[in-house]
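Spelled out, the chains give:
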Amino acid sequence: MSRAWISPFLEAQAAELNASENTLQAYGRDLMDVDAFLKTRGQDFATATREDLEAYLIDLDTRGMAPATRARRLSSIKQLYRFAYEDGLRMENPALKIKGPARARSLPKTLDHAEVDRLLEASKSHGRNTPDRLRNHCLMQLLYATGMRVSELVTLPVSAARGDPQWLLIRGKGGKERMVPLSPPAREALGDWLSTRDAQEETARIERGTPPSRFLFPSNGKAGHLTRVRFFTLIKEIATAAGVSPEKTTPHTLRHAFATHLLAGGADLRAIQTLLGHADIATTEIYTHILDERLRALVLDKHPLAQKD
């Protein structure tokens with residue numbers, strides 16, 4: 001019975017909220033784990049009580065799951081039961097009054113200007129051949145220039161890059177669109193890559209009859225575009241070549257650097273919220289805390305009265 005609820009729930013999330021494939025897979029994994037636990041208690045989603053669901057959260061704690069993970073699992077449970085209640089699968093919502101664990105909000109890792117400069121420079125020469133190097137440099141320039149999410153970057157349609165655009169149209173979470181300006185270096189890298197990409201596509205069409213790709217960063221894989229996993233590996237390789245810590249260098253770190261550097265340069269928080277595609281200004285405000293920490297460290301390290309004798 002439990003698993004029969006999960007499929008229509010995911011379909012509803014996809015249809016009504018335009019949830020991404022990654023989000024749907026995360027919901028599915030979370031709810032399958034809940035389902036397995038409920039079976040050990042002789043229950044399923046249709047019969048589970050509030051006590052059963054709270055026992056599941058306690059079980060997660062004993063398994064050593066982080067508060068953030070437990071909070072996400074509870075969110076999946078609450079959304080499933082909201083769907084079930086609205087769809088008439090249950091007459092009451094056993095998850096309604098369950099409170100999740102307090103989530104400690106850690107500051108996101110970011111990179112300073114010098115580290116970003118080294119990454120961008122290293123991307124120019126990283127790759128097996130000239131097309132690879134042009135693609136890699138374009139990826140890094142676009143990521144830092146726009147603060148895009150990695151999923152937005154790798155699935156960017158080539159149509160968005162036509163005509164030497166000064167602004168890039170990005171389709172974000174929930175299908176929401178936003179416009180982000182491109183810096184001159186990003187436009188140059190984009191133009192260089194686009195010329196090479198189009199030439200490769202034309203050669204493939206003539207020699208093998210391959211239809212043109214709709215993606216700016218095409219791939220022969222099933223997805224048809226460069227995958228998140230491959231780009232994650234790629235950025236680690238570039239970080240190593242640049243002498244920047246691979247442990248703290250991820251696609252999301254470049255997104256954080258984009259926001260932090262804009263804020264440090266005097267950009268308005270609301271403008272940064274729009275550029276990042278955040279639905280809630282509170283999400284964007286985390287970057288003010290990063291600056292506060294940096295200023296605090298600067299005073300402690302550099303102020304003459306803070307120096308030890």
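Scoring rules and cut-offs
Residues numbered from 1 in each chain as written. Predicted model: local features only at pLDDT ≥ 70, side-chain atom pairs only at ≥ 80, totals over all residues. Heavy atoms only, no water. Helix = DSSP H or I, 4+ residues; strand = E, 2+ residues; numbered from the N terminus. Buried < 20%, exposed > 50% of the residue type's maximum accessible area, 1.4 Å probe, protein only. Contact = heavy atoms within 4.5 Å. Areas by Shrake-Rupley, 256 points an atom, 1.4 Å probe, with all protein chains shown as cover. Salt bridge = Lys/Arg side-chain N within 4 Å of Asp/Glu carboxyl O. Expected span 1.5 Å × (residues − 1). Axes fitted to C-alpha atoms, helices over the stretch in contact; angles between N-to-C directions. Parallel < 35°, antiparallel > 145°, perpendicular 65-115°, else oblique. Nonpolar A, V, L, I, M, F, W, Y, C, P; charged D, E, K, R; others polar. Pairing = 2+ DSSP bridges. Core = buried A, V, L, I, M, F, W, Y, C linked by side-chain atoms within 4.5 Å. Phe/Tyr/Trp six-rings, centres within 6.5 Å; stacked < 30°, edge-to-face > 60°.

(A) Quick peek at the overall build of the protein. Of regular secondary structure, the protein possesses 13 helices and two strands. Within the protein, the fraction of its 309 residues that count as buried is 43%. The long-range fraction of contacts in the protein, counting pairs at least 24 apart against all pairs at least 6 apart in sequence, stands at 58%. Only carbon and sulfur atoms are counted for the fraction: they give 53% of the accessible area of the protein, which is about 17,100 Å².

(B) Up close: the pattern of salt bridges. Within this structure, the stated rule accounts for 22 salt bridges. Between Arg63 and Asp33 there is a salt bridge whose closest N-O contact spans 3.1 Å. Here Asp33 lies in helix H2 (residues 21–40) and Arg63 lies in the loop between helix H3 (50–62) and helix H4 (67–86), a separation of 30 residues in the sequence. A salt bridge links Lys248 to Glu115, with the shortest nitrogen-to-oxygen separation between them at 2.9 Å. Placement of the pair is Lys248 in the loop between helix H9 (228–242) and helix H10 (251–264) and Glu115 in helix H5 (residues 113–123), with a sequence separation of 133 residues. Under the relative-accessibility criterion, Lys248 is labelled partly exposed at 25%. A single network of salt bridges, built from pairs that share partners, joins Asp30, Asp33, Asp59, Arg63, Arg72 and Arg73.

(C) Highlighting unusual backbone geometry. Within the chain, Asp164 stands out as a residue other than glycine whose phi angle is a positive 50 degrees. In this fold, Asp164 is placed in the loop between helix H7 (150–154) and strand E1 (167–171). Residue classification places Asp164 among the partly exposed residues on the basis of a relative accessible area of 48%.

(D) Fine view of H2. Between its terminal C-alpha atoms H2 stretches 29 Å, which fits the 28 Å expected from 20 residues at 1.5 Å a residue. Among all positions in H2, only Leu24, Tyr27, Gly28, Asp30, Leu31, Val34, Asp35, Phe37 and Leu38 are buried.

(E) Structural context of the packing of H5 against helix H6 (residues 130–146). Axis separation between H5 and H6 bottoms out at 8 Å; the angle between their running directions is 155 degrees. With respect to H6, the axis of H5 lies roughly antiparallel. In this structure, H5 uses His113, Val116, Leu119, Leu120 and Ser123 to contact H6, whose residues at the interface are Arg133, Asn136, His137, Met140, Gln141 and Tyr144. In terms of residue class, the contact of H5 with H6 is built from five nonpolar, five polar and one charged.

(F) Up close: the pairing of E1. Residues of E1 alternate between two faces, with Leu168 and Ile170 buried on one and Trp167, Leu169 and Arg171 left unburied on the opposite face. Alignment of E1 against strand E2 (residues 177–181), held across five bridges, turns out to be antiparallel. Bridging from a neighbouring strand, Ile170 pairs with Arg178 of E2. Linking E1 back to E2 in an antiparallel pair, the connection comprises five residues, with Gly174 at a positive phi of about 70 degrees.

(G) Representation of the nonpolar core within the structure. Membership of the largest hydrophobic core comes to 51 residues, with the highest contact counts inside it found for Leu119, Leu142, Leu153, Leu216, Phe217 and Phe231. Ranked by the residues each element gives to this core, the list is headed by H6, at seven residues. In this view, Leu119 contacts Leu111, Met140, Ile238, Ala239, Ala242, Val244, Thr249 and Leu254; residues no more than four positions away in its chain are not counted. In this structure, Trp5, Ala48, Leu60 and Ala84 belong to the second largest nonpolar core, which totals 27 residues.

(H) Main features of helix H8 (residues 184–208). Relative to the 36 Å expected for 25 residues at 1.5 Å per residue, H8 spans 36 Å between its end C-alpha atoms, a close match to the ideal helical length. Listing the buried residues of H8 in full gives Ala186, Ala189, Leu190, Trp193, Leu194, Thr196, Arg197, Glu201 and Ala204. Buried residues belonging to H8 abut H6. Note on H8: the residue one or two positions beyond its end, Gly209, has a positive phi of about 70 degrees.

(I) Geometry of the packing of aromatic side chains. Using the criterion set out here, one finds seven aromatic pairs in the structure. With centroids separated by 6.0 Å and ring planes inclined at 75 degrees, the aromatic side chains of Trp5 and Tyr81 adopt a geometry described as edge-to-face. Remark: Tyr81 occurs in helix H4 and Trp5 occurs in helix H1 (residues 2–16); sequence separation between them is 76 residues. When the centroid spacing of 5.5 Å and the interplanar angle of 70 degrees are considered together, the rings of Phe9 and Tyr27 count as edge-to-face. A residue pair is termed long-range when its members are at least 10 positions apart, and Phe9 in helix H1 and Tyr27 in helix H2 qualify at 18 residues.

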